[in-house]
Amino acid sequence: MTHPFPAHQEPTSIPLLCSGYRIQTTLLHRLGTDQWDARVPAGQLVGLAEALDSAERLGTRREFLASSAQNREMEKVLRERPQAFGVTGRMVLGADNVFWVPDGTRSSGTLDLLGPECIDGYQRMALVSRLAAELSVEHLDRAVLDVRIVTGSTRELARSEYDRAHLYCNPTEPQDLLVRHPVMLRLVKQFSDDQCNFRLRRGEQRGPYREGYSIGEATTALALFSHDADPDLAHRTLDDEGRQEIWRNPSSHAFRTLFNDNTQATGVRIAITFRRSILGVLEQMLRVRSARHWHLLEDAPDLMVWAVARQLPFDRLHCDQRDPAAPAWEEILDTEVPVLTRRTAERLVRAYEKLRSSGVHKRAEVRELPYWHKLLKAAGMSRRRERSEPAQGNP
């Protein structure tokens, strides 16, 4: 609960230059007896961290990390977009005592901090101090920070919990930012219009069950059916680390190859459905033939998917299904895919047998991209895009 301030309180008679620090606020609330929440222009904090030994004086956990990527990014924001500098994050200061000097209103004024301590936010404060010589006071004061000041037992609690704050933080990953990307938002809407769930978010799925696809599965499937003439991009998407790297940079060639203005929910669904179908055929084959070189189907199944996709009209994956040029995907799925999958698997296994004629099976090696290239070359499928006529029946 917010408590009213006393009508007036005299500032300390001890010289603030030696024993404390004075902060002019633009907005101030007092909570209880030992906590203040304030809005403070960045220029007001320059002197607090300008001393060479400020980290020691303020009891911070670290010195200023001048070379950290995070601080370089904050510096860029402060220089170019000062109004955004204080939007995220809160600085937490401790003090032995706090005196409030009102400026005529009950929601602002000056705070005199005796025995100041920086519990959290020193990197931001130190950055402001270092740039004060280059940036004008007017520029710095466009950056307004949220500052919490605590005393007494609240100070002890804050110090203890901020020392453990890293244990509570779920780091942001590239996937988490996909919810802002316009292509993703469009795909979510398209799937939703078809009563299907397109899942962008990490974490536990809750709510009513609906048929759906995940962004991870979609990324892998689209890469396997992409226009690239080699499997490099597809191989990158086979684990979460590779997918996160692609999602990290939406302006990269890899990302734009998969997700661009032409990407449609229908094409995503087709790619996923075909991948699942091809993997299903491989599982059936493994039930019959799993000895010796046939373990290739189990160890590199998506190499088979990529090789089969080269023989399908994947360049029309996102074609409007009302377009006369759109492939008859259902017919291809039912009649061509089983035949092409078996034929392609047998072709790659024969190539693998030649490469491994000694009978030594190195399962880990066949999962690596260099061996994919080696195997495709041995099978005569390297950097080729084929289109087979519809096959009739099963081999």
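Here we summarise the structure given alongside this text. Within each chain, residue numbers correspond to sequence positions counted from 1 in written order. In keeping with the predicted nature of the model, local features appear solely for residues at pLDDT of at least 70, side-chain atom pairs appear and are counted solely at 80 or more, and the whole-chain, interface and lining totals rest on all residues. Hydrogens and waters are ignored; side-chain quantities use all the structure's heavy atoms.

Describing the sheet that holds strand 2 (residues 27–31)
Piece 1. Any two strands with at least two DSSP bridges between them are considered paired. A run of H or I in DSSP becomes a helix once it reaches four residues, and a run of E becomes a strand once it reaches two; helices and strands are each numbered from the N terminus. Taken together, the 5 strands give an open sheet; going across it, the order is 2-3-8-4-7, and neighbouring strands pair in mixed fashion. Two strands in the sheet have a free side with no partner beyond their single neighbour: strand 2 and strand 7 (117–120). The average angle at which neighbouring strand axes cross in this sheet is 25°, direction not considered.
Piece 2. Residue contacts are counted whenever heavy atoms from the two residues lie within 4.5 Å of one another. Here, axes are lines fitted to C-alpha atoms. For helices the fit covers the stretch in contact, and angles between N-to-C directions go from 0 to 180 degrees. Docked against the sheet, helix 4 (residues 122–131) engages strand 4 (91–94), strand 7 and strand 8 (144–150), running at close to 120° with respect to strand 7.
Piece 3. Lying over the sheet, helix 6 (residues 152–162) contacts strand 3 (35–41), strand 4, strand 7 and strand 8, oriented at roughly 45° with respect to strand 7.

Some thoughts on the sheet that holds strand 5 (residues 97–101)
Piece 1. Read from one edge to the other, the open sheet built from 3 strands follows the order 1-6-5, with strand pairing classed as antiparallel. Either end of the sheet is taken by a strand with one partner, and the two such strands are strand 1 (20–25) and strand 5. For this sheet, the mean angle separating the axes of adjacent strands, direction not counted, is 20°.
Piece 2. Across 6 bridges, the pairing between strand 1 and strand 6 (residues 109–114) is antiparallel. Note that in strand 6 the partner of arginine 22 across the bridge is aspartate 112.

Examining the packing of aromatic side chains
Piece 1. Centres within 6.5 Å are what make two rings of Phe, Tyr or Trp a pair, Trp counting through its six-membered ring; a difference in plane orientation under 30 degrees is then read as stacked, over 60 as edge-to-face, and the rest as tilted. One pass over the full model with this rule turns up 6 aromatic pairs.
Piece 2. Judged by centre distance (4.9 Å) and plane angle (20°), the ring pair of phenylalanine 191 and phenylalanine 198 falls under stacked.
Piece 3. Judged by its relative accessible area of 4%, phenylalanine 198 is buried.
Piece 4. The interplanar angle of 90° and the centroid separation of 6.1 Å between the aromatic rings of tyrosine 352 and tyrosine 371 together place this pair among those described as edge-to-face. Separated by 19 residues along the polypeptide, tyrosine 352 in helix 16 (residues 329–355) and tyrosine 371 in helix 18 (residues 369–378) bring together distant segments of the chain.
Piece 5. The exposure class assigned to tyrosine 371 is buried, which follows from its relative accessible area of 3%. For each residue, the accessible area found with a 1.4 Å probe, counting protein chains only, is set against the maximum for its type, and the residue is called buried under 20%, exposed over 50%, and partly exposed in between.

None of this, on its own, says anything about what the molecule does.
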